[in-house]
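Close look at the chain arrangement
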Amino acid sequence: ADKWAKAAKAAGMKYITITSKHHDGFCLWPTKYSDYNIMNSPFKRDVIGELAKACKKNGIKFCIYFTILDWHDNDYPLHNLGDSVPDPKANMPAFVKKIKNQLTELITNYHPYMLWFDGNWEKPWTLEYGQEVYSLIKKLDPTIIVNNRLGKGTHKVMTPQTVGDYATPEQEVGSINMNDPWESCITICNQWAWKPNDKMKTLKESIQTLAATAGGNGNLLYNVGPMMDGRMEERQIKLLA
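My aim in this report is to walk through the structure given alongside it, one point at a time.

How each quantity is defined
Residues numbered from 1 in each chain as written. Predicted model: local features only at pLDDT ≥ 70, side-chain atom pairs only at ≥ 80, totals over all residues. Heavy atoms only, no water. 1 Å grid on protein atoms, 1.4 Å probe; cavity = no way out; pocket = protein on both sides within 12 Å on 5 of 7 lines; lining within 4 Å. Points joined across faces, edges and corners; volume = space filled by probe spheres on them. Pairing = 2+ DSSP bridges. Helix = DSSP H or I, 4+ residues; strand = E, 2+ residues; numbered from the N terminus. Contact = heavy atoms within 4.5 Å. Axes fitted to C-alpha atoms, helices over the stretch in contact; angles between N-to-C directions. Parallel < 35°, antiparallel > 145°, perpendicular 65-115°, else oblique. Left-handed = near helix turned anticlockwise from the far one by under 90°. Nonpolar A, V, L, I, M, F, W, Y, C, P; charged D, E, K, R; others polar. Polar contact = N/O pair within 3.5 Å; in protein donor to acceptor, adjacent residues only side chain to side chain. Disulfide = S-S within 2.5 Å. Phe/Tyr/Trp six-rings, centres within 6.5 Å; stacked < 30°, edge-to-face > 60°. Buried < 20%, exposed > 50% of the residue type's maximum accessible area, 1.4 Å probe, protein only. Lys NZ or Arg CZ within 6 Å of the ring centre and 35° of its normal. Lys, Arg positive; Asp, Glu negative; His and termini not counted. Salt bridge = Lys/Arg side-chain N within 4 Å of Asp/Glu carboxyl O.

1. Regarding empty space enclosed by the protein
The gaps left among the atoms become clear once a water-sized probe is rolled over them. Here the structure, examined in full by the defined rule, presents 1 cavity of 30 Å³ or more. Put simply, the largest cavity is a space of about 50 Å³. Lining the largest cavity are 14 residues, with Cys189, Gln191, Ala193, Trp194 and Gln236 positioned closest to its centre.

Structure (C-alpha cells):
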C-alpha cells in the first residue's frame, strides 16, 4: 500500500481511488455482510484499510470505488454479464439493504474523501434506489463527494436522471464544461485489470490526455491495475513518474 501511495505521490496525483468491490462481488475489506471477502482468502489482510493509512501518511486523498451490481450475490436478480432473465428467488430490497450496510462500513471505518460508483446500468437498479443510497451517504458524511453513477442515464454529463456530484466520461477526454465538475477515467494500458504485455500508452499520449482534460476544466483518473501479486508493474510506475 505504501509503494502504491508513493508512486502516486511521485506522479503528482492528488487522490487514489481503489476498487473495494467489482461486479464479481469480492470485497477487499473484512465486511460483515458477505463471506466473499479478503479475510476468507489466503491473504487475510484488509487492503482497503492499509491503503487508507498509506494515503493519509503520504498526504493523498483516499477514495473508494464500489459497484452497484453484484453477480455473485443471490439477492441480486442477474448473475452474469448479459443475463436478461431475472432470478425469481432474488430479493432487491434485501440487496439494497446490504449495499447500505457495506457503504456504512466503508464510510465509518475508512472515511473516504470520495465514493466512485459503477454498475448502475442493469434493469434491477432504479433511480429511486440511487436517490435512497445517496441520501444515506450524505447523512453519514455530508462532505463526501459522489460520482454520477448512482442513478440512471449517461455518465458523460449531469442530467435529471443522474444521481451524484460530478460527471464521469469513460475512456475518453470529456468535453469542456465550466458548469459541472467532471473527471475522465482512462486506462494506462488497454484493459482496466492488469494483463501481461498489455499495450501501454506512450508518454506523449499520457501528457496530451492530461493536458486536454485539465484544459476542459476536468480531472483525470488514470487507471493502473496492480499485478496478481499486488505490485504495480515497473514500466507503469516509470511512465507515471
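Continuing now.
2. Points about the sheet that holds strand β4 (residues 145-146)
A sheet is described by the order of its strands in space; here 4 strands give the open sequence β1-β2-β3-β4, paired in parallel fashion. Across the chains shown, the open sheet's two edge strands, defined by having one partner strand only, are β1 (15-21) and β4. Inspection of the sheet shows strand β2 (residues 61-67) paired to strand β3 (residues 114-118) by 5 bridges, in the parallel sense. Across the sheet, the residue bridging to Ile64 is Leu115, located in β3.

3. Overview of the environment of Pro30
Within the secondary structure, Pro30 sits in the loop between β1 and α2 (47-58). Note: C-alpha distance between Pro30 and Lys97 (67 residues apart in sequence) is 18 Å. In this view, Pro30 contacts Asn37, Ile38, Met39, Asp46 and Tyr110; residues no more than four positions away in its chain are not counted.

4. Considerations on unusual backbone geometry
Residues other than glycine seldom take positive phi values, yet Lys44 does so here, at roughly 55°. Within the fold, Lys44 resides in the loop between β1 and α2.

5. Let's talk about the packing of helix α1 (residues 2-10) against α2
Running from amino to carboxyl end, α1 crosses α2 at an angle of 40°, the nearest separation of the two axes being 8 Å. Taken together, the axes of α1 and α2 are oblique relative to one another. Handedness of the crossing formed by α1 with α2: right-handed. The segment α1 lies against α2, with Asp2, Trp4, Ala5, Lys6 and Lys9 engaging Val47, Leu51, Ala54, Cys55, Lys57 and Asn58. Looking at the contact of α1 with α2 residue by residue, the class counts come to 6 nonpolar, 1 polar and 4 charged.

6. Concerning the environment of Asp165
Looking at the secondary structure, you find Asp165 in the loop between β4 and β5 (183-187). Remark: the alpha-carbon pair of Asp165 and Pro181, spanning 16 residues in sequence, is separated by 7.7 Å. Setting aside anything within four residues of it in sequence, one finds Asp165 in contact with Tyr134, Lys138, Ile144, Ile145, Val146, Asn147, Met158 and Pro181. Separated by 3.1 Å, the side chains of Asp165 and Lys138 make a polar contact.

7. Structural notes on the state of the cysteines
Defined simply, a disulfide is a covalent bond joining two cysteines at their sulfur atoms. Counted according to the given criterion, the structure contains 0 disulfides. Note on Cys55: no disulfide assigned, nearest cysteine sulfur contributed by Cys63 at a separation of 8.0 Å. Not engaged in a disulfide, the cysteine Cys185 finds its nearest cysteine sulfur in Cys63; these two sulfurs lie 13 Å apart.

8. Description of the packing of aromatic side chains
In this structure the tally under the stated criterion is 6 aromatic pairs. Measuring from ring centre to ring centre gives 6.5 Å for Trp29 and Phe66, while their planes differ by 50°; the resulting arrangement is tilted. Of this pair, Trp29 sits in the loop between β1 and α2 while Phe66 is found in strand β2, placing the two residues 37 residues apart along the sequence. The two residues Trp29 and Phe66 agree in class, both being buried. An angle of 40° between the planes, with centres 5.4 Å apart, marks the rings of Trp125 and Tyr129 as tilted. In this structure, Trp125 and Tyr129 share a single accessibility class: buried. Connected via pairs of aromatic rings, a cluster forms that spans Trp29, Phe66 and Phe117. For the cation-ring pair, Lys61 lies above Tyr113, with the distance from its terminal atom to the ring centre recorded as 5.1 Å.

9. Concerning the side chain of Asp198
When you line up the elements, Asp198 lands in the loop between β5 and α5 (203-215). No salt bridge is formed by the buried Asp198; the nearest opposite charge belongs to Lys195, separated by 4.3 Å. Separated by 3.2 Å, the side chain of Asp198 and the backbone nitrogen of Asn190 make a polar contact. There is a polar contact of 3.0 Å between the side chain of Asp198 and the backbone nitrogen of Gln191.

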